[in-house]
Amino acid sequence: MTIRLPDTSGELRTYEPRTEPLALTPGAGFSSRTVFSAAHVVADPFADVTPDSPAAVDWDATLAFRRHLWSHGLGVAEAMDTAQRGMGLDWAGAAELIRRSAAEARGVGGRIACGVGTDQITGPASLTQVRAAYEEQLALVEESGAQAILMASRALAAAARGSEDYLEVYGHLLRQCAEPVILHWLGPMFDPALEGYWGSGDLDAATSTFLEVIAAHPDKVDGVKISLLDAQREIDLRRRLPDGVRCYTGDDFNYPELIAGDEQGFSHALLGIFDPLGPLASEAVRVLDTGDVKGFRELLDPTVELSRHLFRAPTRFYKTGVVFLAWLAGHQSHFTMVGGLQSARSLPHFARAYELADRLGLFPDPKLAEDRMKNLLALYGVTQ
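Just so we're clear, the structure is a prediction, and the values are computed from it rather than from any experiment.

1. Focus on the overall build of the protein chain
Point 1. From N to C terminus, the protein chain includes 14 helices and ten strands.
Point 2. Relative to a compact globule of 384 residues, whose C-alpha radius of gyration would be 21 Å, the protein chain shows 20 Å and is just as compact.
Point 3. Structurally, the protein chain occupies a C-alpha span of about 60 × 50 × 45 Å along its principal axes.
Point 4. Looking at the protein chain as a whole, 57% of its 384 residues qualify as buried.

Structure, rendered in structure tokens:
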């Protein structure tokens, strides 16, 4: 088993894939950390759509992938940016995804939290319209029985005049939440439209506003998800949270050290990289449950190179690599994405992702992954 892979210089080199995957088995949840995987959606490859059409979703394959994550003890963070929210999946599609996934979670006893945003707004909006959009989505998520994740809003970023508008909108929402929610701070590296969120481009000032929102409603905030790709900033913020409010790392560059923590605390996890890493991540957290931090790091540290590759700039296109690996791993029969986003990364990027994932033993059937990689290479004109 050998395969010729292109590198960034345009040269081809021979790579010898693994012949055996890691031996990872399903298992129950965790005792030391709360861990969510932000899950992708599977497109319907036979739908006659264009990149700007409403998303056509293969619901059977999409829900099967969630059952896969739940079987390994992971929670599912649904309708987040990993599911191409605002990048191919509109609010109507996200609403259907939330309904179906929440019902599936009830059926199998899986943990689920769902994104609440304002993406039904497609143009300029007032703060009143932003609040109403959030309320519509919050009502649907609460009616589904899922936990709510209050996502950062492009519409709010455009409409807010300063920090006081964020305090007013989030305070209004938190006062009416039926159960504690997760607040999500998504940085502009994931979505450029969120530049200056919380009312300032100065991250220290933005952090102060963020913490002020939490301090005013600590009983309504289960935790915060920080996606700024800045480990020290997350640690500093984590140490300033009120007692009982969790920090969920969304840092796909530094997650092992943040989850492991230090003498002053640790982060839980809500990560897009735990979509392709699901079984391996679960095994690592089970080791951490025993108090074996060294063993946890030995399992998870080697995955960081793959994660940093998938999430490299422009970071918002990490979804393409996530779906690519799901196809190679056999979780779906095709490499098609809603919005045509399978075209968002280059062939050398795919080749490197394949190699890094294979070295980690992530593919349950290495021969299937090799064959599918060779099929993709052939489409690009690479002969073996």
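From this point, things continue past the structure.
2. A look at the nonpolar core
In globular proteins that are soluble, nonpolar side chains generally tend to be buried together.
Point 1. Ranked by size, the top nonpolar core spans 119 residues in total, and within it Leu-183, Tyr-197, Phe-274, Phe-324 and Met-373 carry the most contacts.
Point 2. Of all the elements, helix 13 (residues 347-360) adds the most residues to this core, at eight residues.
Point 3. Non-local contacts of Phe-324, meaning those with residues more than four positions away in its chain, are made with Phe-335, Phe-350, Ala-353, Tyr-354, Met-373 and Leu-376.

3. Focus: unusual backbone geometry
Point 1. Between Ala-313 and Pro-314 the backbone carries a cis peptide bond, its omega angle lying at -10°.
Point 2. When you line up the elements, Pro-314 lands in the loop between helix 11 (304-310) and helix 12 (318-328).
Point 3. Unusually for a residue other than glycine, Ala-79 sits at a positive phi of about 55°.
Point 4. Along the chain, the position of Ala-79 falls in the loop between strand 4 (75-78) and helix 2 (91-108).
Point 5. Note on Ala-79: relative accessible area 0%, which makes it buried.
Point 6. A positive phi angle, near 65°, is found at Gln-84, a position not held by glycine.
Point 7. Take Gln-84: its relative accessible area is 1%, and that puts it in the buried class.

4. Remarks on the side chain of Ser-101
Point 1. Mapped onto the secondary structure, Ser-101 falls in helix 2.
Point 2. On the basis of relative accessible area, Ser-101 is assigned to the buried category, the value being 0%.
Point 3. Among residues more than four places away in sequence, those in contact with Ser-101 are Leu-63, Arg-66, Trp-70, Glu-78 and Ile-112.

5. Points about the packing of aromatic side chains
Point 1. On inspection of all chains with the given rule, the structure shows 20 aromatic pairs.
Point 2. Relative to Trp-198, the ring of Tyr-197 has its centre 5.2 Å away and its plane inclined at 80°; by these criteria the two rings are edge-to-face.
Point 3. Owing to a relative accessible area of 2%, Tyr-197 belongs among the buried residues under this scheme.
Point 4. Connected via pairs of aromatic rings, a cluster forms that spans Tyr-134, Tyr-166, Tyr-170, Trp-185, Tyr-197, Trp-198 and Phe-210.
Point 5. One residue, Arg-33, lies across the ring of Phe-266, its end atom 3.5 Å from the ring centre.

6. Concerning the pairing of strand 7 (residues 181-186)
Regular strands place side chains that alternate from one sheet face to the opposite one.
Point 1. Across the six residues of strand 7, six count as buried, placing the element largely inside the fold.
Point 2. Every second residue of strand 7 is oriented toward a common face, with Val-181, Leu-183 and Trp-185 on one face and Ile-182, His-184 and Leu-186 on the other, all of them buried.
Point 3. In terms of strand pairing, strand 6 (residues 147-150) meets strand 7 through two bridges, oriented parallel. Across the sheet, residue Leu-150 finds its bridge partner in strand 7, namely Leu-183.
Point 4. Pairing of strand 7 with strand 8 (residues 221-227), which is carried by six bridges, proceeds in the parallel orientation. Bridge pairing in strand 8 links Leu-186 to Ser-227.
Point 5. Of the crossover connections in this fold, the one passing from strand 7 over helix 6 (residues 203-216) to the parallel strand 8 is right-handed.

7. Things to note about the pattern of salt bridges
Point 1. Taken as a whole and assessed by the stated rule, the structure comprises 21 salt bridges.
Point 2. With a shortest N-O distance of 2.6 Å, Asp-191 and Arg-154 are connected by a salt bridge. With Asp-191 in the loop between strand 7 and helix 6 and Arg-154 in helix 4 (residues 154-159), this residue pair connects regions lying 37 residues apart in the sequence.
Point 3. According to the relative accessible area criterion, Arg-154 is partly exposed, its value standing at 38%.
Point 4. A salt bridge links Arg-239 to Asp-262; its shortest N-O distance comes to 2.6 Å. Taken as a pair, Arg-239 in the loop between helix 7 (231-238) and strand 9 (246-249) and Asp-262 in the loop between helix 8 (255-260) and strand 10 (268-271) lie far apart in primary sequence, 23 residues in all.
Point 5. On the accessibility criterion, Arg-239 (37% relative accessible area) is partly exposed.
Point 6. One continuous salt-bridge network, built from bridges that share partners, spans Arg-13, Glu-305, Arg-352, Glu-355 and Arg-359.

8. A closer look at the side chain of Asp-81
Point 1. Position of Asp-81 among the secondary structure elements: in the loop between strand 4 and helix 2.
Point 2. An unpaired buried charge is present at Asp-81: no salt bridge exists, and Lys-319, the closest side chain of opposite charge, is 4.2 Å distant.
Point 3. Here Tyr-318 takes part through its side chain, which lies 2.9 Å from a polar atom of the side chain of Asp-81.
Point 4. Not counting the four nearest positions on each side in its chain, Asp-81 is found in contact with Met-151, His-184, Leu-186, Phe-190, Tyr-318 and Lys-319.

Scoring rules and cut-offs
- Residues numbered from 1 in each chain as written.
- Predicted model: local features only at pLDDT ≥ 70, side-chain atom pairs only at ≥ 80, totals over all residues.
- Heavy atoms only, no water.
- Helix = DSSP H or I, 4+ residues; strand = E, 2+ residues; numbered from the N terminus.
- Rg over C-alpha atoms; globule rule 2.2 N^0.38 Å.
- Buried < 20%, exposed > 50% of the residue type's maximum accessible area, 1.4 Å probe, protein only.
- Core = buried A, V, L, I, M, F, W, Y, C linked by side-chain atoms within 4.5 Å.
- Contact = heavy atoms within 4.5 Å.
- Phe/Tyr/Trp six-rings, centres within 6.5 Å; stacked < 30°, edge-to-face > 60°.
- Lys NZ or Arg CZ within 6 Å of the ring centre and 35° of its normal.
- Pairing = 2+ DSSP bridges.
- Right-handed = clockwise from strand over helix to strand, strands pointing away.
- Salt bridge = Lys/Arg side-chain N within 4 Å of Asp/Glu carboxyl O.
- Lys, Arg positive; Asp, Glu negative; His and termini not counted.
- Polar contact = N/O pair within 3.5 Å; in protein donor to acceptor, adjacent residues only side chain to side chain.

These figures come from the coordinates and say nothing about function on their own.
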